[in-house]
Amino acid sequence: FPHKAATAPRVSSTRLALHHFDRSYSLHLGALWPSVRAGLLCEQKYGALLNNFAAADHVPRELELLNATDFVSEASQKAQQWQQGSAVGEAARACQEGSGEGRSVTQAETSPLLCASISSKIKCYTFPRGDITRFCPARPDALGLLEYYLMDAASLLPVLALNVQPDDFVLDLCAAPGGKTLALLQTGFCGHLAANDVSVSRTKRLYQILHSYVPKEVRDTVSVTSYDGRDWDQVEGGTFHKVLVDVPCTTDRHSAMEEDNNIFHKRRTKERQMLPMLQLQLLMAGILATKPGGEVVYSTCSLSPLQNECVVERALDIAEAQFNISIHVEDLSHFRMLFQDTFSFFSDCQLGELVLPHLTANFGPMYFCKLRRM
């Protein structure tokens, strides 16, 4: 008799991930899921985050010749046009009110701080929708600093939402591998930046990025640590103006495509099931690390409402009930309007904003939600 297999054939982690996504996201995203699924399974699109510390004045021109554009400055210009339109609208309405005519709300009125929220020094070039050109690897300048950093452009949205102001004390609680930390430094506004990650090996990658992109005098303003982020309030509670909590998650795109280090591996089932609890503990630590009046941005690269809105809702309840801290959820719907030319947003997100992968704009997934500690 042929030898009978003692164990059932191993199902790949990517297949398990897709099976899980098909069940849960088809309910959550409905008719959008087939399109999002196709995006997850195709090559990811990147943006080139310009390195303001490198002597690379020629780089924008080179990228523009390739038909790439800086999506941040485009959004900033759009915001300014809206505000000018709003001012004109105000004057027109003053006349209309004399004649008793009705009023219409312009887009700009929905958020008077549109310009302020993205008047950032961050510059990130992307190719237009439908253009799948790849960026070349970055070159070093005369001092050896690389000219740009390739990353999912949607990963910049949480950093832009944080809206760092001059001399802010900033905490990046789960900082490795370092793309968002680098973006925070590009603002030029961090009075001090604490970059923390529980994983020592991932922190090494963070050090590499800092050394490849950031001059020593700026690196000296960054403290890199490897604490368990859940305990951060015991290290430095209530001291930061801005906190980024970019939590470990099911990293949906990686889980759907890569066997290596896949959280859907059978041996990691328990770890995966515990993710929302870990995420909640990290978000609570981030809230407690913030000064009253300070702001927290929570983010994941997952489509899962259990890891996104549900974690935020639970944190709001716990902050109020256990710590007597009142939290205000900031409205980020203007991000959807400002960046809709670059990203596909999920219009039915209950709290925060969610970028959906799409074949013509294959960034994300990226969920982000902004909280203010009252």
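A quick note: this is a predicted structure, and the numbers were derived from the prediction, not measured. (Residues numbered from 1 in each chain as written. Predicted model: local features only at pLDDT ≥ 70, side-chain atom pairs only at ≥ 80, totals over all residues. Heavy atoms only, no water.)

## Structural notes on the pattern of salt bridges
Okay, step 1: Counted under the stated rule, the structure contains 17 salt bridges.
Okay, step 2: Aspartate 341 is paired through a salt bridge with lysine 78; the nearest N and O atoms lie 3.4 Å apart. Remark: lysine 78 occurs in helix α4 (residues 71–99) and aspartate 341 occurs in the loop between α15 (333–338) and β11 (344–345); sequence separation between them is 263 residues.
Okay, step 3: A salt bridge links lysine 370 to glutamate 295; its shortest N-O distance comes to 3.5 Å. In this pair, lysine 370 is assigned in strand β13 (residues 366–373) and glutamate 295 in strand β9 (residues 290–300), connecting sequence segments 75 residues apart. Take lysine 370 and glutamate 295: they sit in the same class, and that class is buried.
Okay, step 4: Ionic contacts of the salt-bridge type, sharing partners, join the residues Asp168, Lys242, Glu295, Glu330, Lys370 and Arg372 into one network. (Salt bridge = Lys/Arg side-chain N within 4 Å of Asp/Glu carboxyl O. Helix = DSSP H or I, 4+ residues; strand = E, 2+ residues; numbered from the N terminus. Buried < 20%, exposed > 50% of the residue type's maximum accessible area, 1.4 Å probe, protein only.)

## So, the environment of aspartate 70
Okay, step 1: Along the polypeptide, aspartate 70 turns up in strand β2 (residues 69–70).
Okay, step 2: Sequence-wise, aspartate 70 and phenylalanine 127 are 57 residues apart; in three dimensions their C-alpha atoms are separated by 9.0 Å.
Okay, step 3: Apart from residues no more than four positions distant in its own chain, aspartate 70 is found in contact with Lys123, Cys124 and Tyr125.
Okay, step 4: One polar contact links the side chain of aspartate 70 to the main-chain amide nitrogen of valine 72, over a distance of 3.1 Å. (Contact = heavy atoms within 4.5 Å. Polar contact = N/O pair within 3.5 Å; in protein donor to acceptor, adjacent residues only side chain to side chain.)

## Some thoughts on helix α14 (residues 309–323)
Okay, step 1: Between its terminal C-alpha atoms α14 stretches 20 Å, which fits the 21 Å expected from 15 residues at 1.5 Å a residue.
Okay, step 2: Every buried residue of α14 is accounted for by Glu309, Val311, Val312, Ala315, Ile318 and Ala319.
Okay, step 3: The inward-facing, buried residues of α14 contact α1 (13–29), α13 (275–289), β9, β10 (327–329) and β13.
Okay, step 4: Following α14 by one or two positions, asparagine 324 has its phi on the positive side, about 55 degrees. (Expected span 1.5 Å × (residues − 1).)

## Brief notes about the packing of aromatic side chains
Okay, step 1: As enumerated under the stated definition, the model contains 15 aromatic pairs in all.
Okay, step 2: Judged by centre distance (5.4 Å) and plane angle (85 degrees), the rings of phenylalanine 21 and phenylalanine 264 are edge-to-face. Here phenylalanine 21, found in helix α1, pairs with phenylalanine 264, found in the loop between α11 (252–257) and α12 (269–273); they are 243 residues apart in sequence, far enough to count as distant. For the pair formed by phenylalanine 21 and phenylalanine 264, the shared burial category is buried.
Okay, step 3: Centroid distance phenylalanine 71 to phenylalanine 343: 5.2 Å. Interplanar angle 90 degrees. Geometry classified as edge-to-face. Of this pair, phenylalanine 71 sits in helix α4 while phenylalanine 343 sits in the loop between α15 and β11, and the two are 272 residues apart along the sequence. Per residue, the accessibility class of phenylalanine 71 equals that of phenylalanine 343, and both read buried. (Phe/Tyr/Trp six-rings, centres within 6.5 Å; stacked < 30°, edge-to-face > 60°.)

## A few points about the packing of α1 against helix α2 (residues 33–40)
Okay, step 1: Running from N to C, α1 and α2 point in directions that differ by 140 degrees, and their axes come no closer than 9 Å. Between α1 and α2, the angle falls in the class oblique. Of the two elements, α1 crosses α2, and the hand of that crossing is right-handed. Between α1 and α2, the contacting residues are Leu18, Phe21, Asp22, Tyr25, Ser26 and Leu29 on the first element and Trp33, Val36, Arg37 and Leu40 on the second. (Axes fitted to C-alpha atoms, helices over the stretch in contact; angles between N-to-C directions. Parallel < 35°, antiparallel > 145°, perpendicular 65-115°, else oblique. Left-handed = near helix turned anticlockwise from the far one by under 90°.)

## Thoughts on the side chain of aspartate 252
Okay, step 1: With respect to the helices and strands, the residue aspartate 252 is situated in helix α11.
Okay, step 2: With no salt bridge to any partner, buried aspartate 252 finds its closest opposite charge in arginine 272, at an N-O distance of 9.0 Å.
Okay, step 3: In this structure the side chain of aspartate 252 is engaged in a polar contact, spanning 2.6 Å, whose partner is the side chain of threonine 250.
Okay, step 4: A distance of 2.8 Å separates the side chain of aspartate 252 from the backbone nitrogen of leucine 303, its partner in a polar contact. (Lys, Arg positive; Asp, Glu negative; His and termini not counted.)

## Quick word on the side chain of aspartate 168
Okay, step 1: Relative to the helices and strands, aspartate 168 is located in strand β5 (residues 168–172).
Okay, step 2: There is a polar contact of 2.8 Å between the side chain of aspartate 168 and the backbone nitrogen of glutamine 165.
Okay, step 3: Setting aside anything within four residues of it in sequence, one finds aspartate 168 in contact with Asn163, Phe189, Cys190, Gly191, His192, His241 and Lys242.

## Description of unusual backbone geometry
Glycine aside, residues mostly have negative phi, and peptide bonds are mostly found in the trans state.
Okay, step 1: In this structure, proline 177 follows alanine 176 across a cis peptide bond, with omega equal to 5 degrees.
Okay, step 2: Looking at the secondary structure, you find proline 177 in the loop between β5 and α7 (179–186).
Okay, step 3: The omega torsion of the bond from glycine 364 to proline 365 falls at 5 degrees, within 30 degrees of zero and hence cis.
Okay, step 4: By the element assignment, proline 365 lies in the loop between β12 (353–356) and β13.
Okay, step 5: Phi angles above zero are rare outside glycine, and asparagine 163 is one such case at about 55 degrees.
Okay, step 6: Structurally, asparagine 163 can be placed in the loop between α6 (156–162) and β5.
Okay, step 7: A positive phi angle, close to 55 degrees, is found at asparagine 324, a residue other than glycine.
Okay, step 8: Along the chain, asparagine 324 falls in the loop between α14 and β10.

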